[in-house]
Amino acid sequence: MVEIGTLTLFREKSVVHQFAELDEESARDVPVLTLRSNRITIPVKTKMSTIMAIVRGQNIPGTMRMAAVVVEEIRRDPNILQDASEFDWDAQWRRKVSKFDIDYNPENWASLHIGGDQIFSSREENAAIAQVEALAAGEDVSDSIVSEAAGNILGALEDLAVEHDSQTAFVFTPFPQYLRAAILERRDRKTGSYAVSAYHPAPNRPVRLSHFIGFCADMTEALTHKSFLDRVQELIASNAIGNAGITPALVQATRQRRRDLIQQIENFEGANKIVYRPERPNIA
């Protein structure tokens, strides 16, 4: 029997610079490596130890959906942690990628790392992320880890400088009576926060953590699409939509995707006791 602890999603960006001397009085700052992704830490507590699974991804909803896959498969068979590479993670990831993402976000990707080993990546080139996770081995990523990873990838360069930024975006906490997600939003150049909880109908009928994470992913994506459609309306009102490079097909696809997400969200809310603090975000 295993227990999954608190999951945390971080927005992370690492920029590695190389300082090359131009002359005696000046130097040039050259970015040689940039890593930008979302990172979810999943602590899995066994009788013997705590195994850390890490999910990386291009966007927050996709990263959460891949984390939901990992959580669900661990729930089904905890032994998967010992032989995770034998599982068809690619098939599970593809099931989570919407047609909207296939059509309008082809750069969407996700990867899974357990104990520092890369188990799966949906993109061919993930060497830099894999190197960072191999050095972090499930722990927090630091400037020194990014610097060492960059040195391993680029060669032993002495004039490397690292800027690593990590910001908490989501925290998923399981409690005996309910599951809770605390969310920090950055939208429309504003920062806000809210929390949502899903209460278990009965001790022997808990809400699945994987389903709850998927629900939060739907909420997050729906809010992103709402923000985009609000911006489209502002551009139309200011007669600037023609210069924005936004096609009618994209707008229509976004509207349809948001409608589908709202339906999924309302289905989950109808099937479970959901409580928002301070209030439910406006996704309509």
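Residues numbered from 1 in each chain as written. Predicted model: local features only at pLDDT ≥ 70, side-chain atom pairs only at ≥ 80, totals over all residues. Heavy atoms only, no water.

1. Description of the confidence of the model for the protein
Using the following cut-off: What pLDDT expresses is the predictor's confidence in each residue, scored from 0 to 100. Any two residues whose heavy atoms approach within 4.5 Å are treated as being in contact.
Within the protein, residue pLDDT values average 92, and 94% of them lie at 70 or more. In this model, residues 22-27 is a region of pLDDT below 50 whose contacts with residues beyond four sequence positions or in other chains number five contacts.

2. Let's talk about the packing of helix H6 (residues 209-237) against helix H7 (residues 248-271)
Put simply, the rule reads: Structural elements are reduced to axes, namely lines fitted to C-alpha atoms, with helices fitted over the stretch in contact, and the angle between N-to-C directions of any two is expressed from 0 to 180 degrees. Runs of E in the DSSP output that reach at least two residues are strands. Runs of H or I that reach at least four are helices, and both are numbered from the N terminus. The hand of a helix crossing depends on one turn: near helix anticlockwise from the far one by less than a right angle means left-handed, and clockwise means right-handed. Gly is placed with the polar residues, together with every amino acid not listed as nonpolar (Ala, Val, Leu, Ile, Met, Phe, Trp, Tyr, Cys and Pro) or charged (Asp, Glu, Lys and Arg).
Orientation of H6 relative to H7, taken along the N-to-C sense of each, is 145 degrees, at an axis distance of 9 Å. In this structure, H6 meets H7 at a crossing whose hand is left-handed. Of the residues assigned to the contact of H6 with H7, the class counts are 12 nonpolar, five polar and seven charged.

3. Structural notes on H7
What counts here: Given the number of residues in a helix, its expected span is that number minus one, multiplied by 1.5 Å. A 1.4 Å probe rolled over the protein chains alone gives each residue an accessible area, and that area as a share of the maximum for its type sets the label: buried under 20%, exposed over 50%, partly exposed in between.
With 24 residues, H7 extends 35 Å from end C-alpha to end C-alpha; this agrees with the ideal 34 Å at 1.5 Å per step. All of the buried residues in H7 are Leu250, Val251, Thr254, Arg257, Arg258, Leu261, Ile262, Ile265, Phe268 and Glu269.

4. Some details on empty space enclosed by the protein
To keep it simple, the criterion reads: Grid spacing is 1 Å over the protein atoms alone, the probe is 1.4 Å, and a cavity is where that probe fits but cannot get out, while a pocket is an open set with protein on both sides within 12 Å along at least five of seven lines and lining residues have an atom within 4 Å of a point. Grid points are joined across faces, edges and corners, and a volume is the space filled by probe spheres set on the points.
The full count for this structure, using the stated rule, is one cavity of 30 Å³ or more. Computed from the structure, the largest cavity encloses a volume of approximately 60 Å³.

5. A closer look at the nonpolar core
So the rule is basically this: Nonpolar core, defined: a set of buried Ala, Val, Leu, Ile, Met, Phe, Trp, Tyr and Cys residues in which side-chain atoms within 4.5 Å join the residues together.
In terms of nonpolar packing, the biggest core is built from 55 residues, with Ile42, Met64, Phe212 and Phe215 touching the most fellow members. Here Phe212 is in contact with Phe172, Leu179, Arg180, Ala181, Val196, Ser197, Ala198 and Phe268, once residues within four sequence places are set aside. Leu35, Val141, Val146 and Ala149 belong to the second-largest nonpolar core, a separate cluster that totals 13 residues.

6. Some details on the packing of aromatic side chains
Under the convention used in this document: Classification of ring pairs uses Phe, Tyr and Trp, with its six-membered ring standing for Trp, and accepts pairs whose centres are within 6.5 Å; under 30 degrees between planes counts as stacked, over 60 as edge-to-face, and the remaining range as tilted. Here, over-ring charges are defined by two tests on the NZ atom of lysine or the CZ atom of arginine: distance to the ring centre within 6 Å, and angle to the ring normal within 35 degrees.
One pass over the structure, following the stated rule, counts eight aromatic pairs. With a centroid separation of 5.4 Å and an interplanar angle of 40 degrees, the aromatic rings of Phe100 and Tyr104 are classed as tilted. Of this pair, Phe100 and Tyr104 both sit in helix H3 (residues 99-104), separated by four residues, roughly a single helical turn. Since its relative accessible area comes to 35%, Tyr104 is described here as partly exposed. Centre to centre, the rings of Tyr178 and Tyr199 are 4.9 Å apart; their planes meet at 35 degrees, and the pair counts as tilted. Placement of Tyr178 in strand S8 (residues 178-187) and of Tyr199 in strand S9 (residues 190-199) is noted, with a sequence separation of 21 residues between them. Members of the aromatic cluster, each reached through a chain of ring pairs, are Phe170, Phe172, Phe212, Phe215 and Phe268. Above the ring of Trp109, the side-chain terminus of Arg123 is found at 3.7 Å from the ring centroid.

7. Here we look at the pairing of strand S5 (residues 110-114)
For clarity, the threshold we go by: Pairing between strands requires that DSSP locate at least two bridges from one strand to the other.
Of all five residues that make up S5, five are buried, and the element is covered over most of its length. Covered by surrounding structure in S5 are Ala110, Leu112 and Ile114 together with Ser111 and His113, the residues of both alternating faces. Summarising the sheet, strand S4 (residues 50-57) and S5 pair through five bridges and their orientation is antiparallel. Residue pairing across strands places Val55 opposite Leu112, the latter belonging to S5. Relative to strand S6 (residues 117-121), S5 is paired through four bridges, and the arrangement is antiparallel. Note on S6: the bridge partner recorded for His113 is Gln118.

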